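# Understanding the architecture of this molecule
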Amino acid sequence: DGYGAASDPSYPAPGPSYGGGGYPIYSDEDSDSREHRRDFRKLKDLHKTNVVDARIRYYKHRGDYYAEISCPRQSDNKKYTWILADSDEKIPSFGIDGTVALAAGLNVRYVAKYSRHGKWSGRDMTNSDKQKFRRVGCHHGTFETSLTV
Amino acid sequence: YGIPANDDPSYSPPANDNPSYSAPANSDNRLYYDYSSRSSSSSSDSSEERECRKLREFDLPSELKSIGVKAKFSEMERRGKTYTTISCPSNTKTYAIIADKSGSNVSQGDITIQDAVLLATGVNIDVVGRCRGRRTTVVANNGDEVKIKTVVCVELSTSPDKY
């Protein structure tokens, strides 16, 4: 199912103008280096119409692995961005077939926890059900916040 | 090259007592701590890794206190640095996560919150902050990197009904 193939390409190192647009980053972020060995399988991209690639950073805490999923910004800074994961269902009902919405908002990020056998887990935003997934992506929506930002 | 000790996948930290906190609405097996406690670090022997200093609750104006909710926190590590995930109690409600910043304001309708910055807003959102000494650094909604000491979740009434 693709796990025997070459490993996912890591995101390219940000250039000097990276902070000006796209993903917000910490100014002193050290360059990516391949970890010696991992006890988890990385999240993969969700390939769906109108779904763009998420940016993922991996963390560890007391033997558990976590993934911080974030999205490129929208030019309209009042419109929601959605973090989606692969699913056998369509959640919410107004969503995209084969996806579950994990989170939605401005500056949206979602922290998932590694489960096992290449699957990650976390609660969804519609019913707070625990979801298991291997793929994530971002969708730029049109719903607007009521806040003045 | 030296891989930080906590990046060793075979490393198994010893079991630790959970910090005391009121049970969150969602029990997703993640270790949470609240404002009143900080989790004990199982890697205190590593000079690179530091515990997150606790964030206090942002003091909302009186007209908003009824919709202010305490945030919850969870620590993580990455390449020898410590981070904290800031999240809100319900996975299904809409919140604004607001923190302290002098000279900046956040508004909704007629209400303005002084000396505040919007970190993120939406449903089931997390904010990941980097712990540096006495301060926690986060990327705010406007893209600025800000150092914060207090944070709060504000429950909003609008929930998305379409993409």
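Summary of the structure given here. (Residues numbered from 1 in each chain as written. Chains lettered and ligands numbered in written order. Predicted model: local features only at pLDDT ≥ 70, side-chain atom pairs only at ≥ 80, totals over all residues. Heavy atoms only, no water.)

Bringing the overall build of chain A into the picture now. Per the secondary structure count, chain A includes 0 helices and 9 strands. Along chain A, helices (α) and strands (β) appear in the sequence β-β-β-β-β-β-β-β-β when read from the amino end. Counting the 149 residues in chain A, one finds 48% classified as buried. Taking as baseline every contact in chain A between residues at least 6 positions apart, the subset at least 24 positions apart corresponds to 62%. Approximately 7,300 Å² of chain A is accessible, and the part contributed by carbon and sulfur atoms is 45%. (Helix = DSSP H or I, 4+ residues; strand = E, 2+ residues; numbered from the N terminus. Buried < 20%, exposed > 50% of the residue type's maximum accessible area, 1.4 Å probe, protein only. Contact = heavy atoms within 4.5 Å. Areas by Shrake-Rupley, 256 points an atom, 1.4 Å probe, with all protein chains shown as cover.)

Residues and elements named next belong to chain B. Burial along strand β11 (residues 145-148) is one-sided: the residues Val 146 and Ile 148 are buried and none of Glu 145 and Lys 147 is. Pairing of strand β10 (residues 135-139) with β11 involves 4 bridges; the strand directions are antiparallel. Across the sheet, residue Thr 137 finds its bridge partner in β11, namely Lys 147. Between β10 and β11, which pair antiparallel in sequence order, lie 5 residues; one of them, Gly 143, sits at a positive phi of approximately 95 degrees. (Pairing = 2+ DSSP bridges.)

The next point concerns the packing of aromatic side chains. Counted according to the given criterion, the structure contains 12 aromatic pairs over all chains. Considering the side-chain rings of Phe40(A) and Tyr58(A), the 5.1 Å spacing of their centres and the 35 degrees angle between planes classify their relative orientation as tilted. Remark: Tyr58(A) occurs in strand β2 (residues 55-61) and Phe40(A) occurs in the segment before β1 (44-45); sequence separation between them is 18 residues. Exposure class is identical for Phe40(A) and Tyr58(A). Each is buried. Arranged with centres 5.0 Å apart and planes meeting at 70 degrees, the rings of Tyr114(A) and Trp120(A) form a pair that is edge-to-face. Comparing Tyr114(A) with Trp120(A) shows no difference in burial state: the two are buried. Here a set of aromatic residues connected by ring pairs shows up, and it is made of Phe40(A), Tyr58(A), Tyr65(A), Tyr114(A) and Trp120(A). In this arrangement the basic side chain of Arg78(B) is found over the ring face of Tyr59(A), its NZ or CZ atom lying 5.8 Å from the centre. (Phe/Tyr/Trp six-rings, centres within 6.5 Å; stacked < 30°, edge-to-face > 60°. Lys NZ or Arg CZ within 6 Å of the ring centre and 35° of its normal.)

So, on to the pairing of strand β6 (residues 109-116) of chain A. Residue and element names in this part refer to chain A. In terms of burial, β6 is largely enclosed, as 6 of its 8 residues are buried. Pairing analysis gives 5 bridges linking strand β3 (residues 64-70) to β6, with the strands arranged antiparallel. Bridge pairing in β6 links Glu 68 to Val 111. Where β6 meets strand β7 (residues 119-123), 3 bridges bridge the pair, whose relative direction is antiparallel. Bridge assignment links Lys 113 to a residue of β7, and that residue is Ser 121.

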